[in-house]
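Residues per chain, in single letters:
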Number of protein chains: 2
Amino acid sequence: MDTIDPNLSQLQALVRAFQGFRWEGVELMPYKEEGSAPFKAISRQTLFKDPALACELRYFEMAADGYSTVERHEHAHGVMILRGHGHVLLGGEVRAVKPNDLVGIPAWTWHQFRATRGEPLGFLCMVNAQRDKPQLPAPADLAALRATPAVADFLDGRIG
Amino acid sequence: MDTIDPNLSQLQALVRAFQGFRWEGVELMPYKEEGSAPFKAISRQTLFKDPALACELRYFEMAADGYSTVERHEHAHGVMILRGHGHVLLGGEVRAVKPNDLVGIPAWTWHQFRATRGEPLGFLCMVNAQRDKPQLPAPADLAALRATPAVADFLDGRIG
């Protein structure tokens, strides 16, 4: 662990929430660099990122019919749904999610979130500050995922 | 690092939220060992604790008029209010909090949460898995805190 000078901490004492899942002074960011991976209508806000914390806490939100990238990586995610209803792909399974549900995404598990219910889907995601880069599925990976009919329906946006 | 409870050693794919800020299979725990420190009417639920995650995510909830311990420590907290309204002591300041507000608690900052609004106050707390033990205020520390009238009111439960 790095040596931290507590006087250098960037932790804000109080960051007020606004209506609509925005926070005072927290920039609404693109989910990822445009063109770097497939995704749709999703934004990112970083709520906690500080040298004194070994994890970051981010808030991601998809508009209705939006989705995150199908990806996997060595690092894990701890997710809590904060807004709306939708579905998540987790390995070979598709599960419905609602506010306050927890989604644990272990290492190397293909995952994708989709706002399948005609409303925004927003979630907190806790992740290690030090982590590897996500992998995208190769054609053979997608073919293996699609072998499960419910997963193929999910990937093609036919669940909702 | 603590020995990991085998029941928590694997990330659960989906942990469903129930009404009232409870989660499927997540035990409602005492906040701390009874008698170890001053606190009132507060519970703890561990939402994410896994060797693959460098932080834990816990949910603490106070009943109306409940409060956490006044304490400080080297490790930092990243807090998001999830339920209800109340107040937080942060160093020499008392601030009102509402749902989705973020509270960053830097190293060595005295802090306490209080359910001052006649309703439960619940919050998420992200914290490093490896961390030091909290310190309680000595009489001189309390006297220094009480030198600020708003803080003395807060500590004596006169804000609400």
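(A) How the structure looks around the confidence of the model for chain A. Residue and element names in this part refer to chain A. Here chain A averages 92 in pLDDT, while 93% of its residues score no lower than 70. Within the model, pLDDT remains below 50 along residues 1–8, and this stretch shows three contacts once partners closer than five positions in the same chain are excluded. Per the prediction output, this complex has pTM 0.92; the corresponding ipTM is 0.92.

(B) Fine view of the interface of chain B and chain A. At the junction of the two partners, chain B supplies 40 residues and chain A supplies 42 residues. The contact between chain B and chain A buries some 3,400 Å² in all, and 71% of this surface belongs to carbon and sulfur atoms. When the buried area of chain B at its contact with chain A is split by residue, Leu-14, Leu-102 and Met-126 of chain B rank highest and sum to 20% of it. Taken together, chain B and chain A are joined by zero salt bridges. The tally of links between chain B and chain A comes to 14 residue pairs in polar contact (both at pLDDT 80 or more).

(C) Main features of the relation of the copies chain B and chain A. The transformation that overlays chain B on chain A combines an axial shift of 0.0 Å with a rotation of 180°, and the residual RMSD is 0.0 Å. One copy is carried onto the other by what is essentially a two-fold rotation axis.

What counts and what doesn't
- Residues numbered from 1 in each chain as written.
- Chains lettered and ligands numbered in written order.
- Predicted model: local features only at pLDDT ≥ 70, side-chain atom pairs only at ≥ 80, totals over all residues.
- Heavy atoms only, no water.
- pLDDT = per-residue confidence, 0-100.
- Contact = heavy atoms within 4.5 Å.
- Buried area = accessible area lost by both parts, 1.4 Å probe.
- Salt bridge = Lys/Arg side-chain N within 4 Å of Asp/Glu carboxyl O.
- Polar contact = N/O pair within 3.5 Å; in protein donor to acceptor, adjacent residues only side chain to side chain.
- Least-squares fit on C-alpha atoms with pLDDT ≥ 70 in both.

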